[in-house]
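Single-letter residue listing:
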Amino acid sequence: MTKPVAVHPLVSPWGRFGLYSFFIDSPEPAIVDTGIASSPAKGMVPALEAIGRRIEDVRWILLTHGHIDHIGGAYALWELTGRRAQVVIHEADAPFLRSRRVHVDEYLSGRAQYLHDPDGEAKLTAATNAVISGEMDPTLLVRGGESLSLGGDVTVSVHSIPGHTPGSVAYVLDGQNDVFVGDAVQVHGAANGFPGFVDPVGYRSSLEYLRDEIRPRHLYLGHPYRREDGTPYGVELDAGQAREALQGSLEIEARVKNAACDCLASGLQNTDSPYSPFARVAEDLGYAGDPTLEPAPFFTTLHGYRTTLDHSTEDEE
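What counts as what
- Residues numbered from 1 in each chain as written.
- Predicted model: local features only at pLDDT ≥ 70, side-chain atom pairs only at ≥ 80, totals over all residues.
- Heavy atoms only, no water.
- Buried < 20%, exposed > 50% of the residue type's maximum accessible area, 1.4 Å probe, protein only.
- Helix = DSSP H or I, 4+ residues; strand = E, 2+ residues; numbered from the N terminus.
- Pairing = 2+ DSSP bridges.
- Axes fitted to C-alpha atoms, helices over the stretch in contact; angles between N-to-C directions.
- Contact = heavy atoms within 4.5 Å.

Student: Can you walk me through the pairing of strand β10 (residues 178-182) in this structure?
Tutor: Side-chain direction in a regular strand flips from residue to residue, so the side chains alternate between the two faces of the sheet. When you tally the buried positions in β10, you get 5 out of 5 residues, the bulk of the element. Neither face of β10 is exposed, since D178, F180 and G182 on one face and V179 and V181 on the opposite face are all buried. In this structure, strand β9 (residues 169-173) lies alongside β10, joined through 3 bridges in antiparallel fashion. Residue pairing in the sheet places V172 in a bridge with V179 of β10. By the bridge criterion, 4 bridges tie β10 to strand β11 (residues 218-221) in an arrangement that is parallel. Its bridge partner being in β11, V179 is matched across the sheet by L219.

Shown next as structure tokens:
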């Protein structure tokens, strides 16, 4: 790479919080993550115009994972490029791009069993209809290990980093080690104050891989994730901040794991606590956030530990 490739954050409006995508200003321009249905027109178009770029020229849509606030705008963005952009996602998360119903089924099989919301399925169905711009097949499936050419001598390498979702990936801008991870580095979570991941073992190994093997020079996050004291990082971290965020993510995962294992070993108990049946975990960690705040990371993560322990017990038998 003869000269550094510029990276520009693109902020799109969504309720109280903005959604973050990133524009890679390469010969074949790329956008990492797409927000929701309204994001391309309301956020990306004006942001690109402000830096003298056009959304019609985007040739790569790189999706870090399949959650609605990252893939919701993919179809709309693809349309704005004249359907010329390559849409890239890991094969494990591709079902989220192909079908709105997959998001609802994931909810029902996981956190729904703890939230006890009789309208939960209907509310999530309405949300997916509203914020996912269209169901579509990706144009390129990845597994990790691929190298994508963004024109000239600019390449992006793809790295599998499961944990937050099975198909979470990191895109690494080769030569300058800019690393885009979506929501794969949670630290202490976002506004909800709790880290969210479905696969605890994969999450920890992915954090270690990013820290020890990738060692980002710049780390780009999907949201302003928070330190232990609640202060948020930005979404563009330098090398020192990246090391701190990765180490902090590992430390809180270890604390959550210990609390979860103690709770599961003692046996789950259904109580009147909003954290039931994981009230002991909230008490041990001093967590006082709202466990029903969607996407309900408290229950998503604890269900992940529960599932992992159940599988490990089956393996021992």
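Student: Can you walk me through the sheet that holds β9 in this structure?
Tutor: Within a sheet, neighbouring strands are paired by backbone hydrogen bonds and run either parallel or antiparallel to one another. Strand order across the open sheet formed by 6 strands is β7-β8-β9-β10-β11-β12, with mixed pairing between neighbours. Strands with a single pairing partner mark the edges of an open sheet, and in this sheet they are β7 (147-149) and β12 (236-238). Pairwise comparison of adjacent strand axes, ignoring direction, gives a mean angle of 25° for this sheet. The sheet contact formed by β11 and β12 spans 3 bridges and is antiparallel. Note on β12: the bridge partner recorded for Y220 is E236. Contacts between helix α9 (residues 239-266) and the sheet are confined to β11 and β12, with β12 contributing the most and set at about 100° to the helix.

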